[in-house]
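Topology and contacts: notes
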Amino acid sequence: MTVTQPPSASFAPVPPLAARARSIGGSPVRDILAVTARPEVVNFAGGLPAPELFDTEGIAAAYQAVLAETPGRALQYSTTEGEPALRAALAARTSARGLATDADDLLVTTGSQQALSLLATALLEPGDTVLVEDPCYLAALQAFGFAGARVIAVPGDAEGPDPEALAELVVRERPKLFYTVPTFQNPTGRTMTAGRRAAVASVAARHGLWIVEDDPYGELRFEGERVPWIAAYEEARDRTVLLGSFSKVMAPGLRLGWLRAPAGPRRACAVAKQAADLHTPTVNQLAAARYLADRDLDAHVRRVARAYGERRDAMLAGLADALPAGSRWTRPEGGMFLWATLPAGYDTTALLPRVVRHDVAYVPGAPFYAGEPDRSTLRLCFVTQTPDAIGEGLRRLGEGLREAALAG
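All of the points below concern the structure found in this document.

Calculation criteria
- Within each chain, residues carry numbers counting from 1 in the order of the written sequence.
- Per-residue local features are limited, in this predicted model, to residues with pLDDT of at least 70; the limit for side-chain atom pairs, both in listing and counting, is 80 or more; totals at the level of whole chains, interfaces and linings are taken over all residues.
- Where side-chain values are given, they derive from all heavy atoms of the structure, hydrogens and water being excluded.
- Two strands form a pair only when DSSP identifies at least two bridges running between them.
- Here a strand is any run of E in DSSP of at least two residues, a helix any run of H or I of at least four, and the numbering for each starts at the N terminus.
- Side-chain atoms within 4.5 Å link the members of a nonpolar core, which is a set of buried Ala, Val, Leu, Ile, Met, Phe, Trp, Tyr and Cys residues.
- Each residue's exposure class comes from its accessible area (1.4 Å probe, protein chains only) as a fraction of the maximum for that residue type: buried when under 20%, exposed when over 50%, partly exposed otherwise.
- Contacts are assigned to residue pairs with any non-hydrogen atoms lying within 4.5 Å of each other.
- Ring pairs shown here join Phe, Tyr and Trp side chains whose ring centres sit within 6.5 Å, with only the six-membered ring taken for Trp; geometry is labelled stacked below 30 degrees between planes, edge-to-face above 60, and tilted in between.
- Under this scheme, a helix contributes an axis fitted over its contacting stretch, all axes are lines through C-alpha atoms, and angles between N-to-C directions fall in the 0 to 180 degree range.
- Helix crossings fall into two classes, left-handed where the near helix is turned counterclockwise from the far one by less than a right angle and right-handed where it is turned clockwise.
- Here a salt bridge means any side-chain nitrogen of Lys or Arg lying within 4 Å of a carboxyl oxygen belonging to Asp or Glu.
- Orient the strands so they point away from the viewer, and a crossover whose first-strand-to-second-strand path over the helix runs clockwise is right-handed.

**Some remarks on the sheet that holds strand 12 (residues 337-341)**
- With respect to topology, four strands assemble into an open sheet ordered 11-12-15-14, the strand pairing being antiparallel. The outermost strands of the open sheet, each flanked by one partner alone, are strand 11 (328-329) and strand 14 (363-364).
- Judged from the five bridges that link them, strand 12 and strand 15 (residues 377-381) form a sheet pairing that is antiparallel. Looking at the pairing, Leu338 lines up with Leu380 of strand 15.

Written as structure tokens, this is what we have:
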């Protein structure tokens, strides 16, 4: 029997997408990575940890042990808050770093990016104001924008956001929260000083403000002294949500993050997570807990940090020859990124297609700004490439920038 479909003109149109879905575009960084995925490209654009430094043996052993010993539990549903063994291990690691934490203070998330999305759901109404650093982690701008928030940048310098400007904006704009990546920030690589952290905590205490402190890179320090979390300051203890992740210190494919928060937002995030995905994959949580029990994660992180420090040094050594005279750049003490500012008149977004022809890529700085962007800026990731590849990539970058300048 043949069924004849009516002509398409007789179909009524489906309802439109939600306004927030129509207004928020994709990630410019992801778009750039799609264009520069060719193996011959020396890619300074991504924010990917070096895969050759993953502890594949240790992670594989952890999965094997979990699946051999407790397969029924590992492959079953779990609680929304997270596996008790993993939460206990995370609480112990956090406490050992100066912030007393119980397992019940933590919610395990599917990567720390999910934590941002949950917090946006739990804390923000459409039209609420969020304060961010200038420039800011791009995916945080997306999460807050998707929630319908009005996002305003706080001016700052090499030491971090300006506390006086923060206080003025809090009084004038009445924001719900201030979002910060205070240690080895993405995209700039800068670290907020202890004095600035204390001042941010004081502003939040005086004026009533949530602080969302994102710390995916803090353990990747290869020089200098560790700075306490903002959450460790007394004035901030009851109003700071601290985010953590295994993506940069164990492996991003595990998709394991967590948030440490006061009871109110933590419970609200748990309810939001129930609606989003019920819980983070059980087998991944149990494997991470087993890894922490059987292996020395701190020793692994030290090995990774040493390698990243060598790669940062290789990039710093070649920047003067690669970038135009008068350029400036940061010198991060850890993390994965450095930030360069070319002389006035350069537009790194417009220059990128010409540079990519030389088989090298960076991320233009403009998408990282909530307000008016500095179009002469760019982000370079120094951890994914070996020192030799970094040297070659910088040579290509210099050629591309010089060619673009000559072409006008």
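**Examining the nonpolar core**
- Within the largest apolar cluster, 98 residues are counted, with the highest numbers of intra-cluster contacts made by Leu124, Phe144, Tyr179, Phe246, Met250 and Met315.
- Among the elements that line this core, the one with the most residues is helix 12 (residues 297-322), at nine residues.
- If we skip the residues at most four places from it in the chain, Tyr179 touches Leu116, Leu131, Val132, Glu133, Cys136, Tyr137, Ala140, Phe144, Val212 and Asp214.
- Counting residues in hydrophobic clusters, the runner-up holds 19 residues, among them Ile152, Val154, Leu166 and Tyr233.

**Some thoughts on the packing of aromatic side chains**
- Evaluation of the coordinates by the stated rule reveals six aromatic pairs.
- When the ring of Phe144 is compared with that of Tyr179, the centres are 5.7 Å apart and the planes differ by 70 degrees; the resulting orientation is edge-to-face. Remark: Tyr179 occurs in strand 7 (residues 177-180) and Phe144 occurs in helix 7 (residues 138-146); sequence separation between them is 35 residues.
- The buried category is assigned to Phe144, whose relative accessible area is 1%.
- On the basis of relative accessible area, Tyr179 is assigned to the buried category, the value being 0%.
- Summarising the aromatic geometry, the rings of Trp339 and Phe368 are spaced 5.9 Å apart at their centres and angled 90 degrees between planes, so their arrangement reads as edge-to-face. Of this pair, Trp339 sits in strand 12 while Phe368 sits in the loop between strand 14 and strand 15, and the two are 29 residues apart along the sequence.

**Re the packing of helix 3 (residues 56-69) against helix 11 (residues 282-294)**
- At a closest axis distance of 8 Å, the pairing of helix 3 and helix 11 adopts a crossing angle of 115 degrees. Here helix 3 runs over helix 11; the crossing is right-handed. Here Gly58, Ile59, Ala62, Tyr63, Ala65, Val66, Leu67 and Glu69 of helix 3 come into contact with helix 11, specifically with Val283, Asn284, Leu286, Ala287, Arg290 and Tyr291.

**Brief notes about the environment of Phe184**
- Relative to the helices and strands, Phe184 resides in the loop between strand 7 and helix 9 (194-207).
- When the C-alpha atoms of Phe184 and Trp258 are compared, they prove to be 19 Å apart, with 74 residues separating the residues in sequence.
- When near neighbours in sequence (up to four residues on either side) are disregarded, Phe184 contacts Gly189, Arg190, Thr191, Tyr217, Gly218, Leu220, Arg221, Glu333, Gly334 and Gly335.

**As for the pattern of salt bridges**
- Across all of its chains, the model carries 24 salt bridges by this definition.
- In this structure, the salt-bridge partner of Glu219 is Arg97, at a minimum N-O distance of 3.5 Å. Of this pair, Glu219 sits in the loop between strand 8 (210-214) and strand 9 (240-245) while Arg97 sits in the loop between helix 5 (84-96) and strand 2 (106-109), and the two are 122 residues apart along the sequence.
- One network of salt bridges, in which partners are shared, links Arg93, Arg97, Glu219 and Asp298.

**Focus: the pairing of strand 4 (residues 150-154)**
- Bridge count for strand 3 (residues 129-133) against strand 4 is five bridges, and the pairing is parallel. Within the sheet, the bridge partner assigned to Val132 lies in strand 4 and is Ala153.
- A crossover links strand 3 with its parallel partner strand 4, the connecting element being helix 7, and its sense is right-handed.

**Considerations on the sheet that holds strand 4**
- Ordered by their spatial adjacency, seven strands build an open sheet running 2-10-9-8-7-3-4, and the pairing between neighbours is mixed. Each edge of the open sheet carries a strand with a single partner, namely strand 2 and strand 4. Each strand of the sheet is rotated relative to its neighbour by a mean of 20 degrees, with strand direction disregarded.
- As paired strands, strand 7 and strand 8 are joined by four bridges and run parallel to one another. Across the sheet, residue Leu177 finds its bridge partner in strand 8, namely Trp210.
- Strands strand 2 and strand 10 (257-260) of the sheet are contacted by helix 5, whose axis makes an angle of about 115 degrees with strand 2.

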